[in-house]
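# Observations on chain architecture
Listed here are the chains, written in short residue letters.
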Number of protein chains: 2
Amino acid sequence: MTVLSKSCIYGVQAAIYLASLPKSEYVSIQEVAGKLNISFHFLTKVLQILTQAGIMISYRGPNGGIALARPSSSVSLADIIGAIDGTEVFTECLLGLPGCGHADPCPAHEQWTSMRNRLYHICKTTTLEELATKASELNVRLAAHPLVQHFTPKE
Amino acid sequence: MTVLSKSCIYGVQAAIYLASLPKSEYVSIQEVAGKLNISFHFLTKVLQILTQAGIMISYRGPNGGIALARPSSSVSLADIIGAIDGTEVFTECLLGLPGCGHADPCPAHEQWTSMRNRLYHICKTTTLEELATKASELNVRLAAHPLVQHFTPKE
DNA sequence: AACATTTAATACTAAAGAGTACGAAATACG
DNA sequence: CGTATTTCGTACTCTTTAGTATTAAATGTT
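Before going into details, it helps to say that this report is about the structure given with it.

Criteria and cut-off values
- Residues numbered from 1 in each chain as written.
- Chains lettered and ligands numbered in written order.
- Predicted model: local features only at pLDDT ≥ 70, side-chain atom pairs only at ≥ 80, totals over all residues.
- Heavy atoms only, no water.
- Contact = heavy atoms within 4.5 Å.
- Buried area = accessible area lost by both parts, 1.4 Å probe.
- Salt bridge = Lys/Arg side-chain N within 4 Å of Asp/Glu carboxyl O.
- Polar contact = N/O pair within 3.5 Å; in protein donor to acceptor, adjacent residues only side chain to side chain.
- Helix = DSSP H or I, 4+ residues; strand = E, 2+ residues; numbered from the N terminus.
- Nonpolar A, V, L, I, M, F, W, Y, C, P; charged D, E, K, R; others polar.
- Axes fitted to C-alpha atoms, helices over the stretch in contact; angles between N-to-C directions.
- Parallel < 35°, antiparallel > 145°, perpendicular 65-115°, else oblique.
- Phe/Tyr/Trp six-rings, centres within 6.5 Å; stacked < 30°, edge-to-face > 60°.
- Buried < 20%, exposed > 50% of the residue type's maximum accessible area, 1.4 Å probe, protein only.
- Near = heavy atom within 4 Å.

### Regarding the interface of chain B and chain A
- With 43 residues of chain B at the contact, the number on the chain A side is 43 residues.
- With both sides pooled, the region where chain B packs onto chain A buries about 3900 Å², and carbon together with sulfur makes up 67% of that total.
- If you sort the residues of chain B by the area they bury against chain A, M1, P107 and R141 of chain B come out on top, with a joint share of 21%.
- At the boundary of chain B with chain A, the tally comes to one salt bridge.
- Its salt-bridge partner being D104 of chain B, residue R141 of chain A comes within 3.0 Å of it at the nearest N-O pair.
- Counting across the interface, chain B meets chain A through nine residue pairs in polar contact (both at pLDDT 80 or more).
- Looking at the side of chain B that touches chain A, the elements that each hand over two or more residues are α1 (6-20), α5 (88-91), α6 (109-125) and α7 (128-137) of chain B.
- Here the side of chain B that touches chain A takes eight residues from α6 of chain B, the largest share from any one element.
- A class-by-class count of the residues in the side of chain B that touches chain A yields 27 nonpolar, eight polar and eight charged.

### Notes on the packing of helix α4 (residues 77-84) of chain A against helix α6 (residues 109-125) of chain A
All names here are of chain A.
- Their axes nearest at 5 Å, the elements α4 and α6 cross at an angle of 110°. For the element pair α4 / α6, the angle class is roughly perpendicular. Across from L77, A78, D79 and I81 in α4, the residues of α6 making contact are Y120, C123 and K124.
- Across the contact of α4 with α6, the residue classes tally to five nonpolar, no polar and two charged.

### Comments concerning the side chain of T113 of chain B
- With respect to the element layout, T113 of chain B can be found in helix α6.
- A distance of 2.7 Å separates a polar side-chain atom of T113 of chain B from the backbone oxygen of H109 of chain B.

### A short note on the packing of aromatic side chains
Residues and elements named next belong to chain A.
- Following the criterion strictly, the structure yields six aromatic pairs over all chains and no others.
- On the numbers, 5.7 Å between centres and 90° between planes, the contact of Y10 with F42 is edge-to-face. Taken together, the residues Y10 in helix α1 (residues 6-20) and F42 in helix α3 (residues 40-52) connect sequence positions 32 residues apart.
- The exposure class assigned to F42 is partly exposed, which follows from its relative accessible area of 30%.

### Quick word on the protein's contact with DNA strand C
- If you check the shell around DNA strand C, you find 30 residues, and the closest are I29, S58 and R60 of chain A together with S39 and Y59 of chain B.
- When atoms of DNA strand C within 4 Å of the protein are sorted by moiety, sugar and phosphate together comprise 67%.
- Here a phosphate oxygen of DNA strand C and a side-chain polar atom of S58 of chain A are 2.6 Å apart.
- At 2.8 Å, a side-chain N or O of R60 of chain A approaches a sugar or linking oxygen of DNA strand C.
- For the surface near DNA strand C, the elements supplying multiple residues, two or more each, are α3 and β1 (56-59) of chain A together with α1 and α3 (40-52) of chain B.
- For the surface near DNA strand C, the element with the most residues is α3 of chain A, which contributes five residues.
- Broken down by class, the residue content of the surface near DNA strand C amounts to nine nonpolar, 15 polar and six charged.

Structure (structure tokens):
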């Protein structure tokens, strides 16, 4: 059991990748998938979700692709997680009890609520800009396998 | 995507239920499943895991059942989660990157590590005794559906 | 207008999680 | 010894998530 689904992880990775690019032009999903070592088709589906959510914009045809719809400083981790996995992680009871809340708490309510709120706070205040800066500053890894390779100008 | 699997949630609920009983005798899985509104067969499989992990002990035959192997004050939430879902939640990178760590961090490493450590700390220091006490003190709910009913002496 | 490129949409396959069923093994009790 | 009770082990089904494939729609270029 993981906190984020695979779809969500891919979405976050792609978003960070876009945010880390110098210019904000359309980048083909193929390029992103290649750099991040993700299945192109699968990533396409994930990015469609982010596009529909208004987090990214897409453009079809030659030189088309996807791009962040807003400046990376105004997109939070929580935005992306919310769009793909939903807000469940930030709101649900640890034990999955439907009506768990202040009025009718489960035995783990207090501990978990404080936890969850902190998680939400961190995700809400962490922006793509911040993550992208770290990624490039520290030469930090983004992709699973070999590492993000050098940018090869698209042709 | 949830933090804990259904199996794990059921395991935790059952453990709290056992801990909340006055005496620590063998309780049939059927009784536990009934009180907690969980499928008997499914709960059986989950509790087998906890038995194999040494957290519970079982006894077959008439008047058999399961019981906590140790006093409820020495069983932590983390023990149960670890046995059923594994320690992944407490150790894994948010973005699921294999070698993510201090030496080779992902962009979300710092934030997530502090989060995770706190989660682990809370789960490690929260005992079944504590949870069970809350459950009975506050007349707090444990099961999803109707509510834990009154104890009906087993015969 | 024709063609190449790239996302959108849909459908399909594979794997994992959740839930069900049933027979085998252990044990108490008459 | 036989029978009822209760966990153990295995196998099966259903649902969700992950991943693959294919066709349609949009758009720039020649």
